[in-house]
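# Architecture at a glance
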Amino acid sequence: MKITDAKVFVASPSRNLVTLKVFTDAGVNGLGDATLNGREQAVVAYLQEHLIPCLIGRDPFQTEDTWQYFYRGAYWRRGPVTMAAIAAIDVALWDIKAKALDLPLYQLLGGKSRDRVLVYCHANGTDLEEAVDDVGRHIEQGYRAVRVQSGIPGLEAAYGIAKDGRKYEPATEGLPQETVWSTEKYLRYLPKLLTRVRDVYGDAIALLHDVHHRLTPIEAARLGRELEPCHLFWLEDPVTAELQEGFRLIRKHTVTPLAVGEVFNSVYDCLTLITEQLIDYIRMTVVHGGGITPILKLAHLAEPYHVRTGFHGATDLSPITMAAALHVNTAINNFGIQEHMPHAALVDEVFPHEYSFRAGDMYIGEKPGLGVDYNEELASRYPYRRAYLPVARKPDGTMFDW
Ligand code: CS2
Ligand code: MG
């Protein structure tokens, strides 16, 4: 079988999503997600100008050699743009291989280790009471694990808070929104929020919180220790994780479980975190981590270090990535949990898929391949519109981390 062509589609059905379609001489096609929120066109160019010309003529079954060819052959390696482009190709080739063998993809990754995949949802509110009520609404929908975020008194905006009843979507058209962040206000408030949620809903629900890269290691250690009575399932992205050894400081002071990695794009971003057991869940997922090929290796590396997966699953990752992640989640032993931010109905129409949600779990389908299609005609009605993620500054104007 040979690859005959590859096309990149950029569309904005409720948000920008980049999709790669790879064609073969056997008439079997494969899909990959190449979405990088706020930098979509860089990945499009990387694919169209630099990778696709080298892809034509290759054997789509050679997933390992093709991945190595595009990774080692790049010279200037790694980075979110490069790895999202490589990921799109890798996932499309796995999709082709599984379709050609008439098997659902998880069968090529080790078969089923579980029938259902535990997921967590996002509950949020502009204030504590709203957030607490939203947790209840999600429990009624069947979720057994809930991430809780809320507005912070004294701050105009906070990460993860939906506005005017709309679904949370941080990227906005025009230039990046500037938000003000105060660690002091956040640290004073957060323990109240999560303690309140525990008081109202008890210990049965798994509680998660996303710090979104905003503390120093010692601030994260303080927060982790203060939250220990809340028995969190995890505290996510406590610090910006370029300094992996900073987690030694956090680990020294608290037993609150830590989850990191949605912004990572290679195993080297988390090798120390995993091999020194500085984290409990690794979040790097298929689209930003280079594809199924490296993510499977990452999960296997993490297993002996008691690190489990907790793949990123926000709406700026397309249903192709959700499906690919669910196939990996279904097959590996050290699965932890999967993030589930349901896509808008229009996105689900553009990407018809087999996977489904039921009573707090997700189920991958049995269709050969990934189990996702792409409706090019419908997608074409929603052209790309440049959008940026916000930026954050401290109250005195100092540039900070959003
Ligand atoms: C968040 C993401 O889902 C999460 O854990 O950190 O929603 C993140 O803010 C977005 O993916 C950024 O595009
Ligand atoms: Mg996050």
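What counts as what
- Residues numbered from 1 in each chain as written.
- Chains lettered and ligands numbered in written order.
- Predicted model: local features only at pLDDT ≥ 70, side-chain atom pairs only at ≥ 80, totals over all residues.
- Heavy atoms only, no water.
- Domains from an automatic or database assignment.
- Contact = heavy atoms within 4.5 Å.
- Buried area = accessible area lost by both parts, 1.4 Å probe.
- Salt bridge = Lys/Arg side-chain N within 4 Å of Asp/Glu carboxyl O.
- Polar contact = N/O pair within 3.5 Å; in protein donor to acceptor, adjacent residues only side chain to side chain.
- Helix = DSSP H or I, 4+ residues; strand = E, 2+ residues; numbered from the N terminus.
- Nonpolar A, V, L, I, M, F, W, Y, C, P; charged D, E, K, R; others polar.
- Axes fitted to C-alpha atoms, helices over the stretch in contact; angles between N-to-C directions.
- Parallel < 35°, antiparallel > 145°, perpendicular 65-115°, else oblique.
- Left-handed = near helix turned anticlockwise from the far one by under 90°.
- Donors = N, O, S within 2.8 Å, 3.2 Å for Na, K, Ca; no water.
- Core = buried A, V, L, I, M, F, W, Y, C linked by side-chain atoms within 4.5 Å.
- Buried < 20%, exposed > 50% of the residue type's maximum accessible area, 1.4 Å probe, protein only.
- Near = heavy atom within 4 Å.
- Areas by Shrake-Rupley, 256 points an atom, 1.4 Å probe, with all protein chains shown as cover.

We now examine the domain arrangement of the protein. Looking at the assigned domains, one finds that the protein contains domain 1 (3-104) and domain 2 (108-369). Placing the centre of domain 1 and that of domain 2 at their C-alpha centroids yields a distance of 26 Å. At the interface, 35 residues of domain 1 touch 36 residues of domain 2. With both sides pooled, the region where domain 1 packs onto domain 2 buries about 2800 Å², and carbon together with sulfur makes up 65% of that total. The largest per-residue losses of area from domain 1 upon contact with domain 2 belong to Asp33, Trp94 and Pro104, which jointly make up 22% of the total buried on that side. Summed over the shared surface of domain 1 and domain 2, the number is three salt bridges. Counting across the domain 1 and domain 2 interface gives 13 residue pairs in polar contact (both at pLDDT 80 or more). For the side of domain 1 that touches domain 2, the secondary structure elements donating two or more residues are strand S2 (17-24), strand S3 (30-33), helix H2 (63-72) and helix H3 (80-100). Residue composition of the side of domain 1 that touches domain 2, grouped by class: 18 nonpolar, eight polar and nine charged.

Packing of helix H5 (residues 183-201) against helix H6 (residues 217-226) leaves a shortest axis separation of 10 Å and a crossing angle of 15°. Judged by the inter-axis angle, H5 sits roughly parallel to H6. The hand of the H5/H6 crossing is right-handed. For the pair formed by H5 and H6, the contact residues are Thr183, Tyr186, Leu187, Arg188, Leu190 and Pro191 on the first element and Glu219, Arg222, Leu223 and Glu226 on the second. Grouping the amino acids of the contact of H5 with H6 by side-chain chemistry returns five nonpolar, one polar and four charged.

Surrounding the magnesium ion (ligand 2) are the protein donor atoms Asp210 (OD), Glu236 (OE) and Glu262 (OE), at 2.0 to 2.2 Å. Along the chain, the residues that donate to the magnesium ion (ligand 2) are spaced as D-x25-E-x25-E. Taken as a pair, glutamate 236 in strand S9 (residues 234-236) and glutamate 262 in the loop between strand S10 (258-260) and helix H8 (271-275) lie far apart in primary sequence, 26 residues in all.

The next point concerns the nonpolar core. Within the largest apolar cluster, 90 residues are counted, with the highest numbers of intra-cluster contacts made by Val148, Tyr186, Leu223, Phe247 and Ile292. Residue contributions to this core peak at eight residues, all from helix H10 (residues 319-331). Taken domain by domain, the makeup of this core includes at least three residues from each of domain 1 (3-104) and domain 2 (108-369). In terms of nonpolar packing, the next biggest core, distinct from the first, is built from 29 residues, Leu47, Tyr71, Met83 and Leu93 among them.

To continue, consider the pattern of salt bridges. Following the criterion strictly, the structure yields 26 salt bridges and no others. Salt-bridge contacts for arginine 137 lead to aspartate 134; the nearest nitrogen and oxygen are separated by 3.1 Å. Taken together, the residues span about one helical turn, with arginine 137 and aspartate 134 both in helix H4 (residues 128-140) at a distance of three residues. On the basis of relative accessibility, which here comes to 43%, the residue arginine 137 falls in the partly exposed class. Note that arginine 283 is salt-bridged to glutamate 262, the shortest N-O span being 2.9 Å. Linking arginine 283 in the loop between strand S11 (281-282) and helix H9 (292-302) with glutamate 262 in the loop between S10 and H8, this pair joins segments that are 21 residues apart in sequence. Connected through salt bridges with shared partners, the residues Glu236, Glu262, Arg283 and Glu339 form a single ionic network.

On to the site of ligand 1. Taken together, the neighbourhood of ligand 1 is formed by 15 residues, with Tyr159, His212, Glu236, Glu262 and Glu339 sitting nearest. At 2.5 Å, a side-chain N or O of glutamate 262 approaches an oxygen atom of ligand 1. Between an oxygen atom of ligand 1 and a side-chain N or O atom of arginine 283, the distance comes to 3.0 Å. For ligand 1, whose unbound accessible area comes to 340 Å², protein coverage reaches 95%.

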